[in-house]
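# Descriptive analysis of the structure
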Amino acid sequence: MAMIFDAHAHYDDDKFNDDRFQVLSSMPEKGVCCIVNAAVDIETAKLSIEYAEKYSYVYAAVGLHPECAHKAEEGYIDRLKNLAKHKKVVAIGEIGLDYYWDTVPRDVQKRVFIQQIELAKELNLPVVVHDRDAHGDTMDILRQYKPSGIVHCFSGSVEMCREVVKLGMSISLGGVVTFKNARHSVEVAKDIPLDRLLLETDAPYMTPVPFRGKRCDSSMIKYTAEKIAEIRGITVEELLNATTENACRLFNIEL
Ligand code: NI
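For the pair helix H3 (residues 76-84) and helix H4 (residues 106-123), the least separation of the axes is 11 Å and the interaxial angle reads 35 degrees. Between H3 and H4 the crossing geometry is right-handed. When H3 is examined against H4, the residues Tyr76, Ile77, Leu80, Lys81 and Ala84 are found in contact with a partner set consisting of Val112, Gln115, Gln116, Leu119, Glu122 and Leu123. In terms of residue class, the contact of H3 with H4 is made up of seven nonpolar, two polar and two charged.

Next up, the structure:
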C-alpha cells in the first residue's frame, strides 16, 4: 500500500490539546509513514522535537514564522542552531513572509527570513517557506539567496511555480486544491514536474473536501491525493509513491 508523507503539520496547535497523542499514535494504521511538524517559534520548535522524540515517524522543522518574526531577539539564530543539531530536525521552517496578516513590519519579516535562510545554508538543511500574499518579495529573496527546500501551501501562479522549480526548489500542496475556488492550485498541480511535488496538510487547518471546516489530520491527505491524481491522470498510488519519495529525498529521511 502506498504511504502518506505529510510534509507540513502543526500538532502543537491548541486544537489537538484534547487528543494530540491519540491522533499521532493512530497515524501509521491510517497509512501515514512520515510527518514533519513545522514550528512557528522557539516554543513550538521544542514541542516539534518533543513529538519527534516520541514517535519514530515524526520529524521537526524549526524556525520563526513571519507572524512571529517580532520574537527574533538577539541570539535567536544560535538558539535555532542548537535545536537544529537534533538528529530529527530535518528543515528550517516555517519561515517566510506574510503580507496578509501583516502583523510584523515587512522589513523585520524580510530580515528574519533572510537570516534563517542563511542558517539553513550553513547547516545544509532545506527551508520550509511560508508565502502569503507576498509572492514578489518572496521570489526576490529566493532568487537572491537560493536555498534548497519547499514553498509550502503553494498559492502562486503556474509561472511562479515554474520559477521555483527552476531555482531547484519544490512545492507542497494541501487541501486547498480540493476547494471549489482553487483554480491556481489546480493549474499548478497539473503543471509541476512530479518529482518536485510534496503533499501536506497544514493540520489542523486547510482541511480538504469533504471534511472542509473540520479539524484536519495527516490521514486526510488521502483526499488531496485523490484530487491531484485525478488532475494529473495518474493513480493515487503513483502520486503517493512519488510525493513520499520526493519528501524523503528533500528532508534526507530514510524510510
Ligand atoms: Ni504551517
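A few words on the sheet that holds strand E5 (residues 127-132). Two strands in a sheet stick together by hydrogen bonds in their backbones, pointing the same way (parallel) or opposite ways (antiparallel). Overall, parallel pairing links the eight strands, which are arranged E1-E2-E3-E4-E5-E6-E7-E8 in an open sheet. The sheet is open, and its two edges are formed by strand E1 (4-9) and strand E8 (197-199), each paired on a single side. Mean inter-strand twist for the sheet, computed between neighbouring axes without regard to direction, equals 25 degrees. Two strands pair when backbone bridges link them, and strand E6 (residues 149-151) and strand E7 (residues 170-173) are joined in this way by two bridges, in the parallel orientation. The partner of Val151 across the bridge, within E7, is Ile171.

Let us look at the pairing of E7. Because side chains alternate across E7, one face comprises the buried residues Ser170 and Ser172, and the other comprises Ile171 and Leu173, equally buried. On the question of chirality, the crossover connecting E6 to the parallel E7 by way of helix H6 (residues 158-166) is right-handed. Direction of pairing for E7 relative to E8: parallel, over a ladder of three bridges. When the sheet's bridge partners are listed, Leu173 is paired in E8 with Leu199. As for the winding sense of the linkage, the β-α-β connection from E7 through helix H7 (residues 183-191) to E8 is right-handed.

As a further point, take the side chain of Ser170. In this structure, Ser170 sits in strand E7. Relative accessible area serves as the criterion here: at 5%, Ser170 is assigned to the buried category.

Taken together, the buried positions of helix H5 (residues 135-145) are occupied by Thr138, Met139, Ile141, Leu142 and Tyr145. All buried residues of H5 fall inside an arc of 165 degrees around its axis, so they share one side. Structurally, H5 contributes buried residues whose contacts are with strand E4 (89-98), H4, E5, E6 and H6. Lys146 sits one or two positions beyond H5 and adopts a positive phi of about 45 degrees.

In this section: the coordination of the nickel ion. Listed as protein donors to the nickel ion are His8 (NE2), His10 (NE2), Glu94 (OE) and Asp202 (OD); their distances from the metal cover 2.1 to 2.4 Å. Each of the four donor atoms around the nickel ion contributes to a set of angles spanning 84 to 171 degrees, which defines the coordination as irregular.

Quick notes on the rules
- Residues numbered from 1 in each chain as written.
- Predicted model: local features only at pLDDT ≥ 70, side-chain atom pairs only at ≥ 80, totals over all residues.
- Heavy atoms only, no water.
- Axes fitted to C-alpha atoms, helices over the stretch in contact; angles between N-to-C directions.
- Helix = DSSP H or I, 4+ residues; strand = E, 2+ residues; numbered from the N terminus.
- Left-handed = near helix turned anticlockwise from the far one by under 90°.
- Contact = heavy atoms within 4.5 Å.
- Nonpolar A, V, L, I, M, F, W, Y, C, P; charged D, E, K, R; others polar.
- Pairing = 2+ DSSP bridges.
- Buried < 20%, exposed > 50% of the residue type's maximum accessible area, 1.4 Å probe, protein only.
- Right-handed = clockwise from strand over helix to strand, strands pointing away.
- Arc of directions from axis to C-beta.
- Donors = N, O, S within 2.8 Å, 3.2 Å for Na, K, Ca; no water.
- Tetrahedral: all angles 85-135°; square planar, octahedral: opposite > 155°, others 65-115°.

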